[in-house]
Amino acid sequence: MIIKKSKLSKFIKLPNIFDEANLVFTEGKRHLPFSIKRVYYILNMKKGSLRGFHAHKKCQQVIFCIQGRIKLVLDNGSNREEFIIKQPDQGIFLDKMIWHEMSDFVKGTILLVLASDYYKEKDYIRDYQKFLRQVRKELRDDTNE
Ligand code: T46
């Protein structure tokens, strides 16, 4: 379920069953904008560490902070938005061609990421200037169609 939208993203809330614990689940396409091909998690981040600083050409992801808190900056080449992610059942949608930067991890933070594709290094744009050139080119191609 989409619970909040912004210019660059949306928050997706997963079903959360409360009994003696919280049980949060996803059934892929039923709850997410894509079928899941890959799941990974990140933990034991060193103090002050930074993650991301790239965009994906095709891969889409939903990022959950299942423990702790992070700051996430999204950038589509024209706009930048900043989010604090801390709700274990609320993921943020990370679309293709969105530059993303993650920082300010609190100790013990664990990120869980659901992705639409397998890991492919050639899907990454790791250079910000190259990213800007690519988004501007895609924008020009779209307006010329
Ligand atoms: C994002 C954040 C939360 C693999 O071999 N398989 C994988 O599935 C992944 C994700 C990474 N790797 C290798 C590739 C690199 O040698 O692990 C190394 C670090 O990967 P990456 O630069 O992707 O790590 P992060 O934490 O900077 O970024 C990743 C996602 O790429 C990113 O989109 O949102 O996790």
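Residues numbered from 1 in each chain as written. Predicted model: local features only at pLDDT ≥ 70, side-chain atom pairs only at ≥ 80, totals over all residues. Heavy atoms only, no water.

1. Observations regarding the site of the ligand
Which entries qualify depends on this criterion: The criterion for a residue being near a molecule or strand is simple. One of its heavy atoms has to lie within 4 Å of it. N or O atoms within 3.5 Å of each other form a polar contact, as long as, within protein, one can give a hydrogen and the other can take it, and as long as residues adjacent in sequence are counted only when both atoms are side-chain atoms. Note that accessible areas follow from Shrake-Rupley with a 1.4 Å probe, and for residues the cover is restricted to the protein chains shown. Put simply, DSSP H or I for four residues or longer makes a helix, DSSP E for two residues or longer makes a strand, and each gets a number counted from the N terminus. All residues other than Ala, Val, Leu, Ile, Met, Phe, Trp, Tyr, Cys, Pro, Asp, Glu, Lys and Arg, Gly among them, are scored as polar; the first ten of these are nonpolar and the last four charged.
Contacts to the ligand come from 16 residues, most closely from Arg38, Gly52, Gln61, His100 and Tyr124. Within the side chain of histidine 56, a nitrogen or oxygen atom sits 2.7 Å from an oxygen atom of the ligand. The contact in question runs from an oxygen atom of the ligand to an N or O atom on the side chain of glutamine 61, over 2.7 Å. Here the ligand, which alone exposes 650 Å², has 71% of that area covered by the protein. At the level of elements, strand 5 (38-42), strand 6 (51-56), strand 7 (61-67) and strand 11 (99-103) are the ones that each hand at least two residues to the shell around the ligand. If you tally residues by element for the shell around the ligand, the top one is strand 6, at 4 residues. Of the residues contributing to the shell around the ligand, the split by class is 8 nonpolar, 5 polar and 3 charged.

2. A look at the layout of surface pockets
Just so we agree on the cut-off: Any residue with an atom within 4 Å of a point lines the site, the site being either a cavity, points on a 1 Å grid over the protein atoms alone where a 1.4 Å probe fits but cannot get out, or a pocket, an open set with protein on both sides within 12 Å along at least 5 of 7 lines. Grid points are joined across faces, edges and corners, and a volume is the space filled by probe spheres set on the points.
Here the largest pocket is characterised by a volume of approximately 250 Å³. What lines the largest pocket is Asn76, Gly77, Ser78, Asp95, Lys96, Met97, Val135, Arg136, Glu138, Leu139 and Asp142. When the residues that make up the lining of the largest pocket are grouped by side-chain class, the tally is 3 nonpolar, 3 polar and 5 charged.

3. A word on the side chain of aspartate 123
Put simply, the test is: Type-normalised accessible area, obtained with a 1.4 Å probe on protein chains alone, sets the label of each residue: buried when under 20%, exposed when over 50%, and partly exposed for intermediate values. As used throughout, the charge tally considers Lys and Arg to be positive and Asp and Glu to be negative, leaving His and the chain termini uncounted. In the sections that follow, a salt bridge refers to a side-chain nitrogen of Lys or Arg positioned within 4 Å of a carboxyl oxygen of Asp or Glu.
Position of aspartate 123 relative to the elements: it lies in the loop between strand 12 (110-115) and strand 13 (124-125). Within the buried set, aspartate 123 has no salt-bridge partner at all; the shortest N-O distance to an opposite charge, 6.3 Å, is to arginine 38.

4. Some details on the sheet that holds strand 11
Which entries qualify depends on this criterion: Should DSSP find at least two bridges between two strands, the strands are regarded as paired.
Overall, antiparallel pairing links the 5 strands, which are arranged 9-8-11-6-13 in an open sheet. Looking at the sheet topology across the chains shown, the edges are occupied by strand 9 (80-85) and strand 13. Pairing between strand 6 and strand 13: 2 bridges, direction antiparallel. Looking at the pairing, histidine 56 lines up with tyrosine 124 of strand 13.

5. Description of the pattern of salt bridges
Taken as a whole and assessed by the stated rule, the structure comprises 8 salt bridges. Aspartate 89 serves as the salt-bridge partner of lysine 13, at 2.5 Å between the closest nitrogen and oxygen. Of this pair, lysine 13 sits in strand 2 (residues 10-13) while aspartate 89 sits in the loop between strand 9 and strand 10 (90-94), and the two are 76 residues apart along the sequence. Of the charged contacts in the structure, one is a salt bridge between aspartate 117 and lysine 37, with a shortest N-O distance of 3.8 Å. In this pair, aspartate 117 sits in the loop between strand 12 and strand 13 while lysine 37 sits in the loop between strand 4 (22-24) and strand 5, placing the two residues 80 residues apart along the sequence. The class for aspartate 117 is buried, based on a relative accessible area of 14%. The exposure class of lysine 37 is partly exposed, given its relative accessible area of 44%. When salt bridges with common partners are traced through the structure, they connect Lys37, Asp117 and Lys120 into a single cluster.

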